[in-house]
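# Chains, contacts and geometry: an overview
The lines below spell out each chain.
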Amino acid sequence: MPDPRSRNPNNAPGPWYVDTTCVACDTCTDISPEIFGRDDARRAFVREQRPAEAELFLFALESCPVEAVGDNGD
Ligand code: SF4
């Protein structure tokens, strides 16, 4: 379960986030390089909150193998 207290510090402000348990598998960044970026360690973070693309974000959230993607990080 993603932990909003362990957000990657690069996440854009807002409800969507990636926590620090990301294992850099590239799944979410492949699904949406517009929503997700990669930091220097190749771990994902939310580059931009894009509410109009919520279905794509939820697909990435459900596809993350370690449940590092969360939607309640405010
Ligand atoms: S799908 Fe999960 S583990 Fe893979 S890069 Fe994205 S946040 Fe990291």
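Anyway, here's the lowdown on the structure attached to this text. (Residues numbered from 1 in each chain as written. Predicted model: local features only at pLDDT ≥ 70, side-chain atom pairs only at ≥ 80, totals over all residues. Heavy atoms only, no water.)

Taken together, 13 residues lie around the ligand, and Cys-22, Cys-25, Asp-26, Cys-28 and Cys-64 are the ones closest in. Across the shell around the ligand, the residue classes break down as 11 nonpolar, 1 polar and 1 charged. (Near = heavy atom within 4 Å. Nonpolar A, V, L, I, M, F, W, Y, C, P; charged D, E, K, R; others polar.)

In this structure the tally under the stated criterion is 2 aromatic pairs. Seen from their ring centres, Trp-16 and Phe-57 are 4.0 Å apart, and the 5° between their planes marks the pair as stacked. Pair noted here: Trp-16 is in the segment before β1 (17-18) and Phe-57 is in helix α2 (residues 54-63), with a separation of 41 residues, a long-range link. Of the residues examined, Trp-16 reaches a relative accessible area of 9% and is grouped as buried. What makes Phe-57 buried here is its relative accessible area of 0%. The interplanar angle of 10° and the centroid separation of 5.9 Å between the aromatic rings of Phe-36 and Phe-57 together place this pair among those described as stacked. (Phe/Tyr/Trp six-rings, centres within 6.5 Å; stacked < 30°, edge-to-face > 60°. Helix = DSSP H or I, 4+ residues; strand = E, 2+ residues; numbered from the N terminus. Buried < 20%, exposed > 50% of the residue type's maximum accessible area, 1.4 Å probe, protein only.)

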